[in-house]
Each structure stands twice: as structure tokens, then as C-alpha cells.
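Notes for the structure review
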Amino acid sequence: FGGIGSNSWPINENRLIASQLQSKLSLAELNMLKMQIHPHFLFNTLNTISALIYKNPDDADKMISRLSDLLRTSLDYSGKHFVTLREETEFLNLYLEIQKVRFKDRLKVVINIDPASLNIEVPAIILQPIVENSIKHVLEKTKDICEIKIRSFLENNTLTLEVIDNGPGILESNYINKDGVGLSNIKSRLSQIYSNEQSLKIKNLENRGLL
């Protein structure tokens, strides 16, 4: 009996080492996914500023100022995987201010956050890529006014975040995986953090728009 116990120790120790290694690998992957988002929206914002410098210097100046605030907040986020939904919404507003300088009256945003969800922790920079996706497909590809609605609600101890736009919607059922950095990154991060206790859904609305 004692022999069985002594032989089990190396097995248990190996399992512990394997578990710790898996945790480190998961954290490394999560860090890589999170850092992928930062240069993505920064590159897009700098492109916008570059386009405005000669055409509209005043607007370019405003965007540089807003970008400074956004980068400052982004640096604060660099060591965090989670922020409160209140902080996430504030970060999103900084991003939207930049886009409103660029698109002016063509961009209309309504944010309706359930007060009960404001202090819940969410993955950092989880909303911005989704909103950017809406802007890209409505404002950059059409001449329409883009209306985006963002809301949160709690139900059965589950937090739901919704982004709705009035764009043309999608054709491919596999759109999330084909989107590139934005939605596919979110899908990977959610899966990495919450395993099966999460879902990312995308669907066309009946008349027009995407949820």
C-alpha cells in the first residue's frame, strides 16, 4: 500500500507541472491576443489623422488630442486583462469621440448601460473592436448615416453586451472567422478566458442592420 502511495507522487507532481505549464501558455496566448488589438485600432486612427492633416488641420488637431487621451487610457489597460464595464464604456467613448471628429453628423451613437452592470468586470477592450466593425461596414463603405446602439443587461446572473447597427448586414454565416482582427480576436479571447461559459453571436436584423 505504501509502495502505491510513493509511486503516485511523481504522477501527481507531473500533473501539477503540466497544469501550471498550461496556465502559463494560456496566459501567454491571452496576452498575445490582447496586444493584437492595440496596434490595430491605433493604426486605423493614425490613418484617419493622416488623411485630415492637409484637408482639415483643425479636425486633425482635435483627433490628435483625443488620441492622446485614448493612448493614456490604453497604457493604463496594458497590465490589465479585466476592467469594469464602466471603465470599458469610458474607453469606448474616447474612441467614439475620435470617430465623431472624422464623420461628424454621420455617426450617431446611443449607449444604454444597465446601472447594475457598471461594476462588473469584463475583458479589457471588448466593445471597441465590435463598434469599429460597425463603423467600417456602414460609414466607410456607404454614404449612409450610421446609427449604433450599445446596451448591457443582466439576466439569470449572465451579462449580455449588445452592439446594433443599421448597416447592410452580412452574407456569410462564417463571418466572425473571416472578419480579421476584430471579431475573431474577441471570439478567441472569450473562449480563452471563459471556456464554454460564454458565447459570441452575430445576426442580421429583420429589416436592416446587424446585431
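Further up the page is the structure itself.
Residues numbered from 1 in each chain as written. Predicted model: local features only at pLDDT ≥ 70, side-chain atom pairs only at ≥ 80, totals over all residues. Heavy atoms only, no water.

Observations regarding the layout of surface pockets
What the largest pocket holds in volume is close to 1000 Å³. As for the largest pocket, its lining consists of 32 residues, of which Leu159, Thr160, Leu161, Ser199 and Leu200 are closest to the centre. Breaking the lining of the largest pocket down by element, the ones donating at least two residues are strand 3 (121-123), helix 4 (128-138), strand 5 (158-165) and helix 6 (182-194). The greatest single-element share of the lining of the largest pocket, amounting to seven residues, is contributed by strand 5. (1 Å grid on protein atoms, 1.4 Å probe; cavity = no way out; pocket = protein on both sides within 12 Å on 5 of 7 lines; lining within 4 Å. Points joined across faces, edges and corners; volume = space filled by probe spheres on them. Helix = DSSP H or I, 4+ residues; strand = E, 2+ residues; numbered from the N terminus.)

Remarks on the packing of helix 3 (residues 85-103) against helix 4
The packing of two helices is summarised by the inter-axis angle and the distance between the axes. At a minimum axis distance of 10 Å, the contact between helix 3 and helix 4 shows a crossing angle of 20 degrees. By the angle class used here, helix 3 and helix 4 are roughly parallel. Pair helix 3 / helix 4 crosses with right-handed handedness. Residue-level inspection shows Glu88, Phe91, Leu92, Tyr95, Leu96, Gln99 and Phe103 of helix 3 in contact with helix 4, the latter providing Gln128, Val131, Glu132 and Ile135. (Axes fitted to C-alpha atoms, helices over the stretch in contact; angles between N-to-C directions. Parallel < 35°, antiparallel > 145°, perpendicular 65-115°, else oblique. Left-handed = near helix turned anticlockwise from the far one by under 90°. Contact = heavy atoms within 4.5 Å.)

Quick look at unusual backbone geometry
Phi is positive for Ile125, close to 55 degrees, though the residue is something other than glycine. Tracing the sequence through the fold places Ile125 in the loop between strand 3 and helix 4. Residue class for Ile125 comes out buried when judged on its relative accessible area of 1%. Positive phi is not limited to glycine here, since Asn157 has a value of about 65 degrees. (Buried < 20%, exposed > 50% of the residue type's maximum accessible area, 1.4 Å probe, protein only.)

Some thoughts on the sheet that holds strand 4 (residues 146-155)
Judged by pairing direction, the sheet is mixed, and its three strands sit side by side in the order 2-4-5 without closing on themselves. The open sheet has two edge strands with one neighbour each: strand 2 (107-113) and strand 5. Geometrically, the sheet is characterised by an average inter-axis angle of 10 degrees between neighbouring strands, direction not taken into account. By the bridge criterion, seven bridges tie strand 2 to strand 4 in an arrangement that is parallel. Bridge pairing in strand 4 places Lys108 opposite Glu147. Docked against the sheet, helix 3 engages strand 2, strand 4 and strand 5, running at close to 170 degrees with respect to strand 2. Running over the sheet, helix 4 touches strand 2, strand 4 and strand 5 and is turned about 155 degrees from strand 4. (Pairing = 2+ DSSP bridges.)

Brief notes about helix 3
Counted at 1.5 Å a residue, the expected span for helix 3 with its 19 residues is 27 Å, and the 26 Å between its end C-alpha atoms agrees. When we look at burial in helix 3, the residues that qualify are Leu85, Glu88, Thr89, Phe91, Leu92, Leu94, Tyr95, Leu96, Ile98, Gln99, Val101 and Phe103. Positive backbone phi, approximately 55 degrees, marks Lys104, located one or two places after helix 3. (Expected span 1.5 Å × (residues − 1).)

What to know about helix 6
In this model, helix 6 (13 residues) spans 18 Å end to end at C-alpha, consistent with the 18 Å of a helix rising 1.5 Å per residue. Every buried residue of helix 6 is listed here: Gly182, Leu183, Ser184, Asn185, Ile186, Arg189 and Leu190. Residue Ser195 follows helix 6 closely and has a positive phi angle near 55 degrees.

Description of the packing of helix 4 against helix 6
As a packed pair, helix 4 and helix 6 sit with axes 9 Å apart at the nearest point and diverge in direction by 155 degrees. It follows that helix 4 is roughly antiparallel to helix 6 by the angle criterion. For the pair helix 4 and helix 6, the crossing hand works out as left-handed. Across from Pro129, Ile130 and Asn133 in helix 4, the residues of helix 6 making contact are Gly182, Leu183 and Ile186. For the contact of helix 4 with helix 6, the per-class residue count stands at four nonpolar, two polar and no charged. (Nonpolar A, V, L, I, M, F, W, Y, C, P; charged D, E, K, R; others polar.)

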